[in-house]
Amino acid sequence: MNESAQPLLPAHPRFKPYPAYKDSGVEWLGEIPAHWEVKRLKTLASVQLSNVDKKSVEGQEPVRLCNYTDVYYNERISSDIEFMSATATREQVQRFSLRAGDVLITKDSESWTDIAVPAVVTEDMPEVLCGYHLAHVRPADGCVGAFLSRAFAAVGPRDQFQVAANGITRFGLAGDAIRTGLFAMPPEPEQRAIAAFLDRETARIDALVAKKERLIELLQEKRTALITRAVTKGLDPTVPMKDSGVEWLGEIPAHWVSLGLSRVTLSRCDGPFGSGLKSEHYSGSGVRVIRLQNIGWTDFLDADEAYLDDAYARQLGDHSVVAGDLLIAGLGDEAHPVGRACVAPDQIEPAMVKADCFRFRLDRRRVHPRFAAYQLSVTASAAAGSLSTGATRARMNLTTTASRKVGLPPLDEQRAIVEALDRDGKRYRALVAKVREAIERLKELRTALISAAVTGKIDVREEASLDGMQLTP
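No experiment lies behind these values; they were computed from the predicted model shown.

### Here we look at the packing of helix H3 (residues 145-153) against helix H4 (residues 157-164)
One can describe the packing of H3 onto H4 by two numbers: an axis separation of 5 Å at closest approach and a directional angle of 60°. Between H3 and H4, the crossing angle belongs to the class labelled oblique. Only Pro-157, Arg-158 and Phe-161 of H4 make contact with H3, whose side of the interface consists of Ala-151, Phe-152 and Ala-153. Residues belonging to the contact of H3 with H4 are distributed by class as follows: five nonpolar, no polar and one charged.

### Some points on helix H6 (residues 188-233)
Over its 46 residues, H6 extends 66 Å from the first C-alpha to the last, a length consistent with the 68 Å expected when each residue adds 1.5 Å. A positive backbone phi angle near 85° is found at Gly-234, which sits one or two residues after H6.

### As for the nonpolar core
Counting 53 residues, the largest nonpolar core has Leu-41, Leu-148, Phe-152, Phe-183, Ile-194, Leu-198 and Ile-458 as its most contacted members. Mapped by element, the contributors of at least two residues to this core are strand E4 (45-49), strand E9 (103-106), strand E13 (134-139), H3, strand E16 (182-185), H6 and helix H11 (411-454). Among the elements that line this core, the one with the most residues is H11, at 10 residues. Setting aside residues no more than four positions away along its own chain, Leu-41 makes contact with Val-47, Val-137, Leu-148, Phe-152, Ile-178, Arg-179, Gly-181 and Phe-183. By size, the runner-up hydrophobic cluster in this structure holds 29 residues, among which are Ala-230, Leu-362, Phe-371 and Ala-402.

### Overview of the packing of aromatic side chains
Taken as a whole and assessed by the stated rule, the structure comprises eight aromatic pairs. When the centroid spacing of 5.7 Å and the interplanar angle of 75° are considered together, the rings of Tyr-18 and Trp-36 count as edge-to-face. Taken as a pair, Tyr-18 in the segment before strand E1 (21-23) and Trp-36 in the loop between strand E2 (31-33) and strand E3 (37-40) lie far apart in primary sequence, 18 residues in all. Taking relative accessible area as the criterion, Tyr-18 reaches 4% and is therefore assigned buried. On the basis of relative accessible area, Trp-36 is assigned to the buried category, the value being 0%. The interplanar angle of 35° and the centroid separation of 6.0 Å between the aromatic rings of Phe-161 and Phe-183 together place this pair among those described as tilted. Separated by 22 residues along the polypeptide, Phe-161 in helix H4 and Phe-183 in strand E16 bring together distant segments of the chain. By relative accessible area, Phe-183 is classed as buried at 1%. Positioned above the aromatic ring of Tyr-132, the side-chain terminus of Lys-107 is 5.0 Å from the ring centre.

### Here's the deal with H11
The terminal C-alpha atoms of H11, which comprises 44 residues, lie 63 Å apart, in line with the 64 Å expected from a rise of 1.5 Å per residue. With its phi angle positive at about 80°, Gly-456 sits one or two positions after the end of H11.

### Side note on unusual backbone geometry
Pro-350 follows Glu-349 through a cis peptide bond whose omega is -5°. Among the secondary structure elements, Pro-350 is positioned in the loop between strand E27 (341-343) and strand E28 (351-353). Unusually for a residue other than glycine, Ala-116 sits at a positive phi of about 65°. Here Ala-116 lies in the loop between strand E10 (108-109) and strand E11 (118-121). Residue Ala-116 is classed as buried on the basis of its relative accessible area, which comes to 1%. One non-glycine residue, Thr-298, lies in the positive phi region at around 80°. If you trace the backbone, Thr-298 turns up in the loop between strand E22 (287-290) and strand E23 (307-308).

### What to know about the confidence of the model for the protein
Here the protein averages 91 in pLDDT, and 93% of its residues register 70 or above. Between the elements of the protein, mean pLDDT differs from a low of 69, seen in helix H12 (residues 461-466), to a high of 98, seen in E11. Here residues 469-473 is a poorly scored stretch, pLDDT under 50, and it has 10 contacts once near neighbours within four places are set aside; other chains count.

### Some thoughts on the packing of H3 against H11
Packing of H3 against H11 leaves a shortest axis separation of 9 Å and a crossing angle of 120°. Compared by their axis directions, H3 and H11 come out oblique. At the point where H3 passes H11, the crossing takes the left-handed sense. Contact residues: Phe-147, Arg-150 and Ala-151 in H3; Arg-446, Ile-450 and Val-454 in H11. Residue composition of the contact of H3 with H11, by class: four nonpolar, no polar and two charged.

### So, the side chain of Asp-102
Here Asp-102 is to be found in the loop between strand E8 (97-98) and E9. Here Asp-102 falls in the buried class, since its relative accessible area comes to 1%. In terms of polar contacts, Asp-102 uses its side chain to reach the backbone amide nitrogen of Arg-99, at 2.9 Å.

Each value, and the rule that gives it
Residues numbered from 1 in each chain as written. Predicted model: local features only at pLDDT ≥ 70, side-chain atom pairs only at ≥ 80, totals over all residues. Heavy atoms only, no water. Axes fitted to C-alpha atoms, helices over the stretch in contact; angles between N-to-C directions. Helix = DSSP H or I, 4+ residues; strand = E, 2+ residues; numbered from the N terminus. Parallel < 35°, antiparallel > 145°, perpendicular 65-115°, else oblique. Contact = heavy atoms within 4.5 Å. Nonpolar A, V, L, I, M, F, W, Y, C, P; charged D, E, K, R; others polar. Expected span 1.5 Å × (residues − 1). Core = buried A, V, L, I, M, F, W, Y, C linked by side-chain atoms within 4.5 Å. Buried < 20%, exposed > 50% of the residue type's maximum accessible area, 1.4 Å probe, protein only. Phe/Tyr/Trp six-rings, centres within 6.5 Å; stacked < 30°, edge-to-face > 60°. Lys NZ or Arg CZ within 6 Å of the ring centre and 35° of its normal. pLDDT = per-residue confidence, 0-100. Left-handed = near helix turned anticlockwise from the far one by under 90°. Polar contact = N/O pair within 3.5 Å; in protein donor to acceptor, adjacent residues only side chain to side chain.

Encoded structure:
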């Protein structure tokens, strides 16, 4: 950690430095306002590592448990959260019940970047306990929990705990590592002012992020509607229509044909049985294994790669995939519907499908693979309601998938529809990329603003005074 690692805050007349600074004596912290002090956490708060497990034990007191995910996904812990039920001893209730101003942090995780994620408790909740995998930090007099929670999240203070975490596959923070953590601390009234300033400003940034995320949702809805219209009704709105006889297709142009997917398939296969192909069989190169996470909604998702040794792949039989093959997901959920489809990209060979991933080699004299992928994806959720099994995760087998009905125009019309949708998709992806880039900039600004305020790089006392807070330097 060093001063150069601090995120840069864009120049703005609102964000002014303090009038005087001094050396903090801490390399990664650099200079701090002259009236601030650097203190170890053990002088500011009591720290206890929770040992309250989620398992219920007969004879113990019934409680509710604030767990890892409650803290990880919420900056504030309040009674609005649906805490899980558990039991605890009387001693645990006394030690770990939540009080307004307490700060909870993640003390172990599978990723070191998720260490010391904080949340502040906003109200007294004596029946709710700090759960396992968390540290319970209770500020002493002169330390404001809302400020301390923000400081834990800041670049610099946060990094010291991530560096201190031990582990290889799972990382954990010892109690002493937490207690000896360093923080730059202003006087208590100033802590409250900074916390209030950050609450207000981060809420504004969060509102902007929410608007942009909603814009992405609306763009996706528009894109889905366009694809659905094109691959089930065609590009010409004036053509006569007929009933397809298929619930999830509805009416299709009169000159289209409705038939089972198997009727336009030259060959098809599923992946090998689950016990024949496990993660320990994967190697660094060889035959590309196409898994469910690669079968996107109309598009092949190439990022998550897995390979199998050539010799072992041959032992499993023919589950081969070549460029242009139609790939269909045989397992899904609400976010990733069963029956979604994409096309194997160029230069994918040698490749094979894994279990629950279906490969259809289509008769390209009758059907364009991209057209089939578009239509099967937009009708996947509706078709799954009629054809799939399973409660939490919907599943279709290879035979049922082959029986799915598709509505097909002449091949030239399929090509025209695919070209139109691909052009629109390029524009859609470019627009979504710009919106996501704007979201990332806002999130970076949020982090930079928090870090600058809690380490004294900007002076927000004047803004606090304008908000009606009485603050003495």
